[in-house]
Amino acid sequence: MTARLGLAVALASSMLCILALASLAIGAKSLPLGEVLAALTGDASDVANEIVAMRVPRMLLAILAGIGFALAGAVMQAVTRNVLADPGIMGVNAGASLAVVLCVALTGMAQPMTLVWAAMGGALVTGALVQIFSSLGGATALRLVLCGVAMSAIAGGAGWAVTLSDPDLFRRVLVWGAGSLIVTDFEPVRAVAPFVLAGVLLTLVLGPRLNAIALGNDLARSLGVGIAGTQMAAAASVVVLAGAATSATGPVGFVGLLAPLAARAVVGVDQRAILALTALLGPVLLLSADLLARVVLPQGEAPLGIVMAFAGAPVLIALAYRIGDL
Amino acid sequence: MNYRLQLDRVSAAYEGVSVLKDISLVLPDGVFTAIMGANGSGKSTLLKLLGGAVAPVAGKILLDGKPVSALRPRHLARDIAMLPQFPLAPDGIRVAELVMRGRFPHQTMFRQWSAADRTAVDAAMAQAGVADLAHRLVSTLSGGQRQRVWIALVLAQDTPILLLDEPTSFLDIAYQVELMALLSELSERGRTIVAVLHDINQASRHASHLVMLAGGQVIAAGRPDEVVRAETMRAVFRLESVIVPDPVTFTPMVVPSELRRNR
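Keep in mind that this is a model prediction, so the values were computed, not measured. (Residues numbered from 1 in each chain as written. Chains lettered and ligands numbered in written order. Predicted model: local features only at pLDDT ≥ 70, side-chain atom pairs only at ≥ 80, totals over all residues. Heavy atoms only, no water.)

A word on the nonpolar core
Stated precisely, the cut-off is as follows: Residues belong to a common nonpolar core when they are buried Ala, Val, Leu, Ile, Met, Phe, Trp, Tyr or Cys residues joined through side-chain atoms within 4.5 Å. Between buried and exposed lies partly exposed: a residue is buried under 20% and exposed over 50% of the maximum accessible area for its type, with that area taken using a 1.4 Å probe on protein chains only. It only takes one pair of heavy atoms within 4.5 Å for two residues to be counted as in contact.
If you look at the biggest cluster of nonpolar residues, it comprises 103 residues, and the most contacted ones within it are Val-192 and Leu-287 of chain A. Ignoring sequence-local partners within four residues, the contact set of Val-192 of chain A consists of Leu-61, Leu-64, Val-116, Ala-244, Ser-247 and Ala-248 of chain A. Among the nonpolar cores identified, the runner-up in size contains 60 residues, and Ala-220 of chain A together with Val-99, Leu-133 and Leu-186 of chain B belong to it.

The following block contains the structure:
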């Protein structure tokens, strides 16, 4: 069990390192690996140095957003005991995204830090609304997912309505709104990193409690887990992680669904192991999708959110066949 | 009679409807207590009150004279374990992994798994008779085996007080006897056992303290021969009956004397 987790973590970490290097090497102007490594110590040609320097923040942002989306999904799945829970499906990403669009519409081009706060606010509001609506008449797993999907559609639609109302705004948020990692400076990385770190620390504390919650709320309570407190902490971590990630890349779905799913398939039922592996697989997924986004079109880049949707949707359909009842 | 757990003039409501009215009761230490009563008489609510899962609308639930509501959940969980009627087994979990989760209240952020945990889990699995199932998937077990695994989990929690909500429902008669024997054995070894049960004859055989509830009140509490009487059965279940000695254990046995009844 622990040996299996160790092996999985080692494999996922190596994949993460390889993809991180690849994301520095591959792009409109691809570089050989030797030159990337040289550039990291500043020993390459000026052009190579500059290209790598531009790609580093993008690589870091992909890792941070990958951790954010994936861990948010893992926490949601654990606390709701519902494998379909995911910040994308449950409307959290769409809410964060709507808040970012509104923030840009109202204040002009906002600072990354402002956008992070706006995104977390939007995530909080939509997450709370989904909770409230789905608990009317008794919360069930199915009702929760349906309310999430509806909220996602409403927030997404509202976001596009605001965007389309203003050509100038449209031009500025279009790329971000479809999910993208086009950044060239460290400002967004600096804005997002502390929140992702806070979210990671929160999930560390949550891990053992989520193992108890998996046995049902009654038994978890008897084991000494405060149910309300755990749910609040889980909601806070989802808001912080998914909000920060959305502010970085726009709403990218499926990472929060796929990474915990894959982690569970590999390491089994221990939430601490699932969370650890998920935190590695999220960035692996996002870096892979970002690399694909760079090379899939003959010219320019495909939007990251769309690449992820193409990769994720078939898995969701396969999953729907495997799950008999929700 | 020594006791740690006590209800002091407790009233409780479920969804606004009064369920228990002004109940005072002590649960004797190291004794197997069975809580019985008609459907809807508040048995499960009483158990949940004792476990701190439900808050009373009036009165106090006391552990060592202190209200359980004032204890931190994790501290309470080192004294009282409660097995609910419908616990959930995560998909793909194995027996040993499930039993280990009973150790949560003894673990901290930085000390997740210790030798003491190992010992407690092994002892709990041996006591519940599931040691040879340790590596089996819980989903492949029979109902009786699964119930013993859940018992092992609450035993691993290693609390002096154990509360069980209808632990024998869904078990066939052989597993029921086995489980009741296990519970009385645990009480003989010093644990306080409180279980909600339906079968009065079984409870009389294995439990040494019975509590009869009706209409949100305690109608009778005491030894089986004090509690299981025709007039109690009439008051609690509105059932006419003859009480005869159990042919095997000589404990009181209820034989209904009505063949059909109008409620």
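Still more to cover.
Let's talk about unusual backbone geometry
Residues and elements named next belong to chain B. Threshold: Here a strand is any run of E in DSSP of at least two residues, a helix any run of H or I of at least four, and the numbering for each starts at the N terminus.
In this model, Asp-64 sits at a positive phi of 55°, which is unusual for a non-glycine residue. For Asp-64, the location among the structural elements is in the loop between strand S4 (58-63) and strand S5 (66-67). Taking relative accessible area as the criterion, Asp-64 reaches 44% and is therefore assigned partly exposed. Notably, Glu-166 is not glycine yet its phi reads approximately 45°, a positive angle. Along the chain, Glu-166 falls in the loop between strand S7 (161-165) and helix H6 (173-188). Residue classification places Glu-166 among the buried positions, given a relative accessible area of 15%.

Focus on the interface of chain B and chain A
Quick reminder of the rule: What counts as buried area is the accessible surface, traced by a 1.4 Å probe, that two parts surrender upon association, with contributions from both included. We count a salt bridge whenever a side-chain nitrogen from Lys or Arg sits within 4 Å of a carboxyl oxygen from Asp or Glu. Polar contacts, as counted here, are pairs of nitrogen or oxygen atoms within 3.5 Å of one another; within protein the pair requires one atom able to donate a hydrogen and one able to accept it, and residues that are adjacent in sequence qualify only if both atoms are side-chain atoms.
On the chain A side, the residues contacting the 27 residues of chain B number 20 residues. A buried area of about 1900 Å², summed over both sides, lies between chain B and chain A, and 64% of it is on carbon and sulfur atoms. Our count for the contact surface shared by chain B and chain A stands at zero salt bridges. Between the two partners, chain B and chain A, sit five residue pairs in polar contact (both at pLDDT 80 or more). Every element with two or more residues in the side of chain B that touches chain A is listed here: helix H2 (73-79), strand S6 (80-83), helix H3 (95-100) and helix H5 (143-156) of chain B.

Remarks on the confidence of the model for chain A
Any residue range with low pLDDT should be treated as having predicted coordinates unsuitable for detailed reading. Heads up, the rule is: The pLDDT value expresses, per residue, how confident the predictor is, ranging between 0 and 100.
Per-chain confidence: chain A averages 87 in pLDDT, with 95% of residues scoring 70 or above. Averaged pLDDT values for the elements of chain A fall to 73 in helix H7 (residues 167-177) of chain A and rise to 94 in helix H8 (residues 187-213) of chain A.

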